[in-house]
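Each chain, letter by letter, is given below.
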Amino acid sequence: MGDSRTAVSAPAVALIVICQSMQGFSLGGIALFLPLIRDDIGLTFAEAGTLGAVSLLVFAAMQVPAGYLADRFGPKRLFLLGLLGLNLCSLAFAQLHSFEALLVNQALSGLARSFVFAPGLLLITHEFPAERRATALGLYVAGGFSSNVLLSLVGPVLVGVVGWRWIFVGFSVLGLAVTLLYWRVGSPGPAGQRDSYVRLRELPRLLAHPVMWVAGGVQFVRYSVVNGVGFWLPSYLVADKGFSLHTAGLLLGAAAVVTAPSNFLGGHVSDRLQRPALVIGVSLAVLTVTLLVLASARSTPVVVGVVLLQAVFLQFYFGPLFEIPTRVLGDRTAGLTSGWSNLWANVGGLTFAFGLGQAKDVTGSFAVGLYAMVGLCLLGLVGAYALSVLLARSREQEQAQAPQFAAASAERGL
């Protein structure tokens, strides 16, 4: 996933991050303006949740194929195709007026996004040395949150002037322009692997490895919380806590400002300490506490403080968690392991995008969903410990095999 390079090309990295941030406009726009979209089109909470769920369902189903294709044929073509499709879907979203049409649109958007995620991870880690892999991964996802900062700050101001549909048109056109720029001047990234890519016959053995399932389980937890909070927090603040849309947008913008650098910082801390499982465990422990407080808080200052603290750790462990399977199974599996991890992440994400809307319709409150996420974080802590054990075993095996490799190399040199 990484390579032997020692210098980082800042322009190449910046362009990849900007391209990735375009999907943040689409997802963030739907979440931020969901109260207005619901009123405009006449959606129930359950139907609104279904829109998020169908996009994630398609996105999740395509993760392993997208990762495999990126390993096999190189990631840049897939990345460009995904960006083009994603921005065209966002442009079309602004023209639709029925739940059924929006549902088809979001299914196609999920397909396009699947060609952005895993290929983009390969593109950005190619620009960094191998020992800074978690930093690269964290920086990549920071792009999406950076676009949410801009959207959350500017969107509530513009929406009263031009309406949510024209805002979607604006960021879609911007996304298409950025895609064209990357096509013309973007780094080519790693080439497709002719000989060392994972063969189809190897998939059963690799997918049966314990690190794939444990990491997948923690990924389920991670994105259940990220998507559950991200998709429904604006509605939760407005419906359950009495915030205005403008105030909620300002708080979400501040939270995104906090979250964006935490992605990079979490990867950097993991690379410096070489303790990715510890970073994962600390993050999940903090999320457990903040979700408990958020479910019961009545004071506005407490809600604001908890949302901001939670924002630091929502994605703090993104880079370390995606890095661990590649550490254990090797660089040639990078696309596959990233796709597999994100498959389970998005199974969790779609479950809670849909489930929290259903729970709200049935109980009249989001509290049940928040307590369910607390339980998931506790399970994630168990998974973090299991990952630390698997990493330790992998290091022991590498150390045991090192003398054998050295002897074999010396014998070949005679």
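Residues numbered from 1 in each chain as written. Predicted model: local features only at pLDDT ≥ 70, side-chain atom pairs only at ≥ 80, totals over all residues. Heavy atoms only, no water.

Caption draft 1: Examining the overall build of the chain more closely. Of regular secondary structure, the chain possesses 16 helices and zero strands. For the chain, whose C-alpha radius of gyration is 21 Å, the value lies close to the compact-globule estimate of 22 Å for 414 residues. Dimensions along the principal axes, computed over C-alpha positions, put the chain at roughly 75 × 45 × 35 Å. When the 414 residues of the chain are sorted by exposure, 57% land in the buried category. Taking as baseline every contact in the chain between residues at least 6 positions apart, the subset at least 24 positions apart corresponds to 87%. In the form shown here, the chain has an accessible surface area of approximately 16500 Å², with 68% of it arising from carbon and sulfur atoms. (Helix = DSSP H or I, 4+ residues; strand = E, 2+ residues; numbered from the N terminus. Rg over C-alpha atoms; globule rule 2.2 N^0.38 Å. Buried < 20%, exposed > 50% of the residue type's maximum accessible area, 1.4 Å probe, protein only. Contact = heavy atoms within 4.5 Å. Areas by Shrake-Rupley, 256 points an atom, 1.4 Å probe, with all protein chains shown as cover.)

Caption draft 2: Broad picture of the side chain of T337. By the secondary structure assignment, T337 is in helix 15 (residues 334-363). Residue T337 is classed as buried on the basis of its relative accessible area, which comes to 1%. Those residues in contact with T337, other than ones at most four positions away along the chain, are M212, P325, T326 and L329.

Caption draft 3: Layout of the side chain of E323. Looking at where E323 falls in the secondary structure, it is placed in helix 14 (residues 318-329). Discounting chain neighbours no more than four positions away, the residues touching E323 are R133, A134, L137, S270 and D271.

Caption draft 4: Inspection of unusual backbone geometry at higher detail. At Q274, a position not held by glycine, the phi torsion is positive, near 55°. Here Q274 lies in the loop between helix 11 (245-273) and helix 12 (276-296).

Caption draft 5: Summary view of the nonpolar core. F33, F79 and I280 are the most contacted members of the largest nonpolar core, which totals 108 residues. The element that contributes the greatest number of residues to this core is helix 10 (residues 210-239), accounting for 14 residues. When residues no more than four places from it in sequence are discounted, the contact partners of I280 are V218, Y317, P320, L321, I324, A384 and L387. (Core = buried A, V, L, I, M, F, W, Y, C linked by side-chain atoms within 4.5 Å.)

Caption draft 6: Up close: a nonpolar patch on the surface. Where nonpolar side chains cluster on the molecular surface, the patch consists of L150, L153, V154, L158, V161, V162, W166 and L250 and spans about 750 Å² of accessible area. With six residues, the single largest contributor to the nonpolar patch is helix 7 (residues 133-162). Within the secondary structure layout, L250 lies in helix 11. A residue is classified by how much of its surface remains accessible, and L250, at 40% relative accessible area, is partly exposed. (Patch = residues over 30% accessible without salt bridge, like charges linked within 9 Å, V, L, I, M, F, W, Y side chains within 5 Å. Salt bridge = Lys/Arg side-chain N within 4 Å of Asp/Glu carboxyl O.)

Caption draft 7: Looking closely at the packing of helix 12 against helix 13 (residues 300-313). At a minimum axis distance of 9 Å, the contact between helix 12 and helix 13 shows a crossing angle of 160°. With respect to helix 13, the element helix 12 is oriented roughly antiparallel. In this structure, the crossing between helix 12 and helix 13 has a hand that is left-handed. In this structure, helix 12 uses S283, V286, L287, T290, L291, V293 and L294 to contact helix 13, whose residues at the interface are V302, V303, V306, V307, L309, Q310 and F313. By residue class, the composition of the contact of helix 12 with helix 13 is eleven nonpolar, three polar and no charged. (Axes fitted to C-alpha atoms, helices over the stretch in contact; angles between N-to-C directions. Parallel < 35°, antiparallel > 145°, perpendicular 65-115°, else oblique. Left-handed = near helix turned anticlockwise from the far one by under 90°. Nonpolar A, V, L, I, M, F, W, Y, C, P; charged D, E, K, R; others polar.)

Caption draft 8: View of helix 4 (residues 63-73). When we look at burial in helix 4, the residues that qualify are Q63, V64, A66, G67, Y68, A70 and D71. At the C-terminal side of helix 4, G74 shows a positive phi close to 95°.

Caption draft 9: Seen up close, the packing of aromatic side chains. Per the stated rule, a full pass over the model turns up 13 aromatic pairs. Between F93 and W164, the aromatic rings sit 5.9 Å apart at their centres with planes inclined by 65°, giving edge-to-face as the arrangement. Residue F93 is located in helix 5 (residues 75-93), and its partner W164 is located in helix 8 (residues 164-185); the two are separated by 71 residues in the primary sequence. For W164, a relative accessible area of 5% corresponds to the buried category. A centroid spacing of 5.0 Å and a plane angle of 20° characterise the contact between F93 and F168, whose relative ring orientation is stacked. Here F93, found in helix 5, pairs with F168, found in helix 8; they are 75 residues apart in sequence, far enough to count as distant. As far as the burial class goes, F93 and F168 line up, both buried. Taken together through their ring pairs, the aromatic side chains of F59, F117, F318 and F322 make up a single cluster. For the cation-ring pair, K76 lies above Y182, with the distance from its terminal atom to the ring centre recorded as 5.1 Å. (Phe/Tyr/Trp six-rings, centres within 6.5 Å; stacked < 30°, edge-to-face > 60°. Lys NZ or Arg CZ within 6 Å of the ring centre and 35° of its normal.)

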